[in-house]
Amino acid sequence: MRKEYRGKRSVDSLVQYARDQLKDPVEILPSFALIFDKIKNNMKAAIGQFYSNTSEEYSVFEKVAVSLKDDCHFFAIINEDRNPMISFRENGVPDAQFTGNISQEKLKTWLSEKCRPLVREITFENGEEMTEEGLPFLILFY
């Protein structure tokens, strides 16, 4: 978990937050068409195609999804006839394909570069979170 809870301090809100944190970040759908229908404007999505949801590649994809679930949406297709493939889609731009062996370190690095913007907008909601990262930042007023 990268972010701390910043919501309303009530039992219902805390329980809902805990449920959201425990929910599987990978949504399994039967076809690419359904995934493309779910991807909205300004949505960053990692799409994995695997021959089984018990495969090693799917397990790596799921672990990376847990660590980046606040930055990207994760979708998977289980297709026994295809080799594992991972792609990234943003704003209707053609997919970027992950190349190489699917390892947790390589996949997390690749998706972090795609999912997390290099330049972020500071708002009242994310200001404290950004300063807690301990990284230097420049604020531009316009």
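Presented here is an overview of the structure given in this document. (Residues numbered from 1 in each chain as written. Predicted model: local features only at pLDDT ≥ 70, side-chain atom pairs only at ≥ 80, totals over all residues. Heavy atoms only, no water.)

Counting residues in hydrophobic clusters, the biggest one holds 20 residues, and the most contacted among them are Val26, Phe61, Phe74, Ile86, Leu107, Trp110 and Leu111. Elements with a minimum of two residues in this core: β2 (44–50), α3 (56–68), β3 (73–78), β4 (85–90) and α4 (104–115). Examining the composition of this core, we find that six residues originate from one element, α3, more than from any other. Among residues more than four places away in sequence, those in contact with Trp110 are Ile86, Ser87, Phe88, Ala96, Gln97 and Phe98. Core analysis: the next-biggest nonpolar cluster, separate from the first, contains eight residues, Leu29, Ile39, Met43 and Ala45 among them. (Core = buried A, V, L, I, M, F, W, Y, C linked by side-chain atoms within 4.5 Å. Buried < 20%, exposed > 50% of the residue type's maximum accessible area, 1.4 Å probe, protein only. Helix = DSSP H or I, 4+ residues; strand = E, 2+ residues; numbered from the N terminus. Contact = heavy atoms within 4.5 Å.)

Alignment of strand β1 (residues 26–28) against β3, held across three bridges, turns out to be parallel. Along β3, the bridge assignment pairs Glu27 with Phe75. As paired strands, β2 and β3 are joined by six bridges and run parallel to one another. When the bridges of β3 are listed, Ile47 appears paired with Phe75. In this view, the connection linking β2 to its parallel neighbour β3 by way of α3 has right-handed handedness. (Pairing = 2+ DSSP bridges. Right-handed = clockwise from strand over helix to strand, strands pointing away.)

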